[in-house]
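One-letter residues, chain by chain:
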Amino acid sequence: ILTFRPRTAAMADSAAMESKMEIKRASTTAGKRALLARAPKKVEKAGKTTLCLHGQNSSEVLKRLLADLARTKGQEAHKMTRKNPGVRPFEGGGETSLEFFAKKADAGAFLLGTHQKKRPNCLTAGRFFEYHLFDCVEMLVRNYKSMQSFGGEGKHAVAGSKPCLCFQGEDFETHDGLRLVKNVLSDIFRGRVVDRINLKGIDRAIVCTALANPGGPPIVMFRQYAIKYKKSGTRLPLIELAEMGPSFDFTCGRHREAPPDVKREAYQRARVAKKQKNVSHDMLEGKVGRLYVEKQTGLEALGAAKMKGMKREKRDAAAERSAAKQEASTAAPVSGAGASKRSKKAT
């Protein structure tokens, strides 16, 4: 007896997305370079591209907020303007479309704006691991002020630059939802990983302050300030902060942690071997080393192995020397006592 399980719409959508997400081989050199740039690396230094999109219903506040956050991220943001009714990160099967968009845009994080009667002005932030949803958290926005309302305070700040992140309040360490908010926001706004940075390159600061709310969840104030350097008469400049926006308050809603096994795999760090001096790797010979030895003395007195050909040459040379001596002895004039007696008689 064969039984057939009915295929739901969610299963059909997931199958269609999986068919679209099949690996395609590059046929051109430019395509190969693009795939190589998107391939995973031992140490990821590039900033995460953030996917900014809207759900089925959105509000004017969320539209302007996502536009300001995308402007803050600069070239590391991929903004989508159309509605996406199938994107529901906290429901089963609702992350399929989101993962498809993430792979298409090569994004490592996302910001989703949804507006409902139960959760008005809800901004969902999350991350991806291998283009699959890793974790996400909801932020219920209130008291929003756009960047335009602050005038030209942030005109000197460069879009997409590396900001200074500051989280104030003990709730970021004790509250589960705010701990995840701190982790996700740090990963989104940290930018490119660098070894060192110039002081003049830090032109803005993002400050999140957690305030206690008796009888309710903690309230977090999100503020962004432009950093202005002025003369102080010393080596260190005088720093002034001017609020540049966006500015809003939020409370933490639903949050979804990553599974322990996936988190363990995602948090692994590649073991980068230390560079060894005078050691190189060759495709043919493998590991090749170079040694520096002090000057050796007394090598001339060592008895080295002699080949048969060298022995034959030595016998021929000895025979030639003995024949030359015999010829010299027969052709030389008489010398010695006889020669001295003949000289006396002649005198």
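Rules of the game
Residues numbered from 1 in each chain as written. Predicted model: local features only at pLDDT ≥ 70, side-chain atom pairs only at ≥ 80, totals over all residues. Heavy atoms only, no water. Helix = DSSP H or I, 4+ residues; strand = E, 2+ residues; numbered from the N terminus. Buried < 20%, exposed > 50% of the residue type's maximum accessible area, 1.4 Å probe, protein only. Contact = heavy atoms within 4.5 Å. Expected span 1.5 Å × (residues − 1). Salt bridge = Lys/Arg side-chain N within 4 Å of Asp/Glu carboxyl O. Phe/Tyr/Trp six-rings, centres within 6.5 Å; stacked < 30°, edge-to-face > 60°. Polar contact = N/O pair within 3.5 Å; in protein donor to acceptor, adjacent residues only side chain to side chain. Pairing = 2+ DSSP bridges. Core = buried A, V, L, I, M, F, W, Y, C linked by side-chain atoms within 4.5 Å.

Caption draft 1: Representation of the environment of Gly-286 in the model. Within the secondary structure, Gly-286 sits in strand β12 (residues 286–289). On the accessibility criterion, Gly-286 (26% relative accessible area) is partly exposed. The residues contacting Gly-286, other than those within four sequence positions of it, are Ser-280 and His-281.

Caption draft 2: Highlighting helix α3 (residues 60–73). The terminal C-alpha atoms of α3 lie 20 Å apart, and with 14 residues this matches the ideal 20 Å at 1.5 Å per residue to within 8%. Among the residues making up α3, those that are buried are Leu-62, Leu-65, Leu-66, Asp-68, Leu-69, Ala-70, Thr-72 and Lys-73. Two residues or fewer after α3 comes Gly-74, characterised by a positive phi angle close to 75°.

Caption draft 3: Expanded view of the pattern of salt bridges. For the structure shown, the criterion picks out 15 salt bridges. When the shortest N-O distance is used, the salt bridge between Glu-76 and Lys-73 registers 3.2 Å. As a salt-bridge pair, Lys-230 and Glu-240 come within 3.0 Å of each other at their nearest N and O atoms. A residue pair is termed long-range when its members are at least 10 positions apart, and Lys-230 in strand β8 (residues 219–230) and Glu-240 in strand β9 (residues 238–243) qualify at 10 residues. Overlapping salt bridges, with partners in common, bring together Lys-48, Arg-127, Asp-135, Asp-187 and Arg-190 in one network.

Caption draft 4: Geometry of the packing of aromatic side chains. If you walk through the whole model with that rule in mind, you get eight aromatic pairs. An angle of 55° between the planes, with centres 6.3 Å apart, marks the rings of Phe-134 and Tyr-267 as tilted. Taken together, the residues span a long stretch of sequence, with Phe-134 in strand β5 (residues 132–145) and Tyr-267 in the loop between α7 (260–266) and β11 (279–282) at a distance of 133 residues. The exposure class assigned to Tyr-267 is partly exposed, which follows from its relative accessible area of 46%. Consider the rings of Phe-189 and Phe-222, whose centres lie 6.2 Å apart with planes at 45°: the pair is tilted.

Caption draft 5: Inspection of the side chain of Ser-59 at higher detail. Position of Ser-59 among the secondary structure elements: in the loop between β1 (50–54) and α3. Looking at Ser-59, the relative accessible area reads 11%, which means it is buried. Side-chain polar atoms of Ser-59 contact the side chain of Asn-121, separated by 2.7 Å. Once you skip the residues sitting within four places of it in the chain, Ser-59 turns out to touch His-115 and Asn-121.

Caption draft 6: Representation of the pairing of β12 within the structure. Note: β11 against β12, four bridges, orientation antiparallel. Bridging across to β12, His-281 finds its partner in Lys-287. As consecutive antiparallel partners, β11 and β12 are separated by three residues.

Caption draft 7: Structural context of the nonpolar core. Leu-111, Leu-123, Val-181 and Cys-208 are the most contacted members of the largest nonpolar core, which totals 31 residues. Contributions of two or more residues to this core are made by α3, β3 (109–114), β4 (122–129), β5, α6 (176–189), β7 (204–211), β8 and β10 (247–256). Ranked by residue count, the leading element in this core is α6, at seven residues. Sequence-distant contacts of Leu-111, defined by excluding residues within four places in its chain, comprise Thr-50, Leu-51, Cys-52, Leu-53, Leu-66, Leu-69, Leu-123, Thr-124, Ala-125 and Ile-188. Listed in part, the 15 residues of the second largest apolar core include Met-80, Ala-105, Leu-112 and Cys-136.

Caption draft 8: Highlighting the pairing of β3. Extensive coverage of β3 is indicated by the burial of six of its six residues. The alternating pattern of β3 places Ala-109, Leu-111 and Gly-113 on one face and Phe-110, Leu-112 and Thr-114 on the opposite face, and all of these are buried. Pairing analysis gives five bridges linking β1 to β3, with the strands arranged parallel. Looking at β3, one finds that Leu-51 is bridged to Phe-110. One ladder, built from six bridges, connects β3 with β4; its direction is antiparallel. By the bridge assignment, Gly-113 is partnered in β4 with Leu-123.

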